[in-house]
Amino acid sequence: MTNMDPGSDRETLRELADAGNETAMDRLAALADAADALGELSELLDEGSMHAGFLLTRHATATGDLRELQRIADAGYDEAGKDLERLLKAPADRHRD
């Protein structure tokens with residue numbers, strides 16, 4: 001397999017994703033995650049990328065961002081809703097001694 005330069009590789013992935021290739025969309029999400037490009041991940045989720053939903057959920061859960069979890073769930077990634085419910089049901093004083 002020939003290695004492509006990162007710029008043209010991204011362009012190719014974008015073209016394939018736009019044509020409905022889910023694997024290409026997953027790779028774009030992975031690249032966005034590696035670059036910590038949350039805006040790009042959000043766009044990919046809005047385009048239907050469940051991998052982007054997973055990555056955004058992981059980030060929002062780690063930071064405790066309840067609003068973002070709700071937005072991700074509303075965009076169709078159900079696991080975000082489960083994490084949101086879990087965080088909402090957690091005792092408020094769990095870190096107190």
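Procedures and definitions
- Residues numbered from 1 in each chain as written.
- Predicted model: local features only at pLDDT ≥ 70, side-chain atom pairs only at ≥ 80, totals over all residues.
- Heavy atoms only, no water.
- Core = buried A, V, L, I, M, F, W, Y, C linked by side-chain atoms within 4.5 Å.
- Buried < 20%, exposed > 50% of the residue type's maximum accessible area, 1.4 Å probe, protein only.
- Helix = DSSP H or I, 4+ residues; strand = E, 2+ residues; numbered from the N terminus.
- Contact = heavy atoms within 4.5 Å.
- Expected span 1.5 Å × (residues − 1).
- Arc of directions from axis to C-beta.
- Salt bridge = Lys/Arg side-chain N within 4 Å of Asp/Glu carboxyl O.
- Polar contact = N/O pair within 3.5 Å; in protein donor to acceptor, adjacent residues only side chain to side chain.

## Regarding the nonpolar core
Grouped together as the largest cluster of nonpolar side chains are 21 residues, with contacts concentrated most on Leu41 and Ile72. Every element with two or more residues in this core is listed here: helix 1 (6-18), helix 2 (22-34), helix 3 (38-46), helix 4 (50-63), helix 5 (66-74) and helix 6 (78-89). Ranked by residues supplied to this core, first place goes to helix 2 with five residues. Residue contacts for Ile72: discarding those within four places in its chain leaves Leu45, Gly53, Leu56, Thr57, Ala60, Tyr77 and Ala80.

## Considerations on helix 2
End to end, helix 2 covers 18 Å across 13 residues, agreeing with the expected 18 Å (1.5 Å per residue, within 8%). Among the residues of helix 2, those classed as buried are Ala24, Met25, Leu28, Ala29 and Ala32. Along helix 2, the residues classed as buried sweep out an arc of 145° about the axis, all on the same side. Within helix 2, the exposed residues directed more than 90 degrees away from the buried face are Thr23 and Ala34. Immediately downstream of helix 2, the backbone of Asp36 shows phi near 55°, a positive value.

## Some remarks on the pattern of salt bridges
Following the criterion strictly, the structure yields eight salt bridges and no others. Put simply, Arg27 and Asp9 hold a salt bridge, and the shortest N to O gap is 3.2 Å. Here Arg27, found in helix 2, pairs with Asp9, found in helix 1; they are 18 residues apart in sequence, far enough to count as distant. When the shortest N-O distance is used, the salt bridge between Asp46 and Arg71 registers 3.5 Å. Remark: Arg71 occurs in helix 5 and Asp46 occurs in helix 3; sequence separation between them is 25 residues.

## Description of the side chain of Ser49
Following the sequence through the fold, Ser49 ends up in the loop between helix 3 and helix 4. At 3.1 Å, the side chain of Ser49 forms a polar contact with the backbone nitrogen of Ala52. Ignoring anything within four residues of it in the chain, the contact list for Ser49 reads Met25, Asp26, Ala29 and Leu44.

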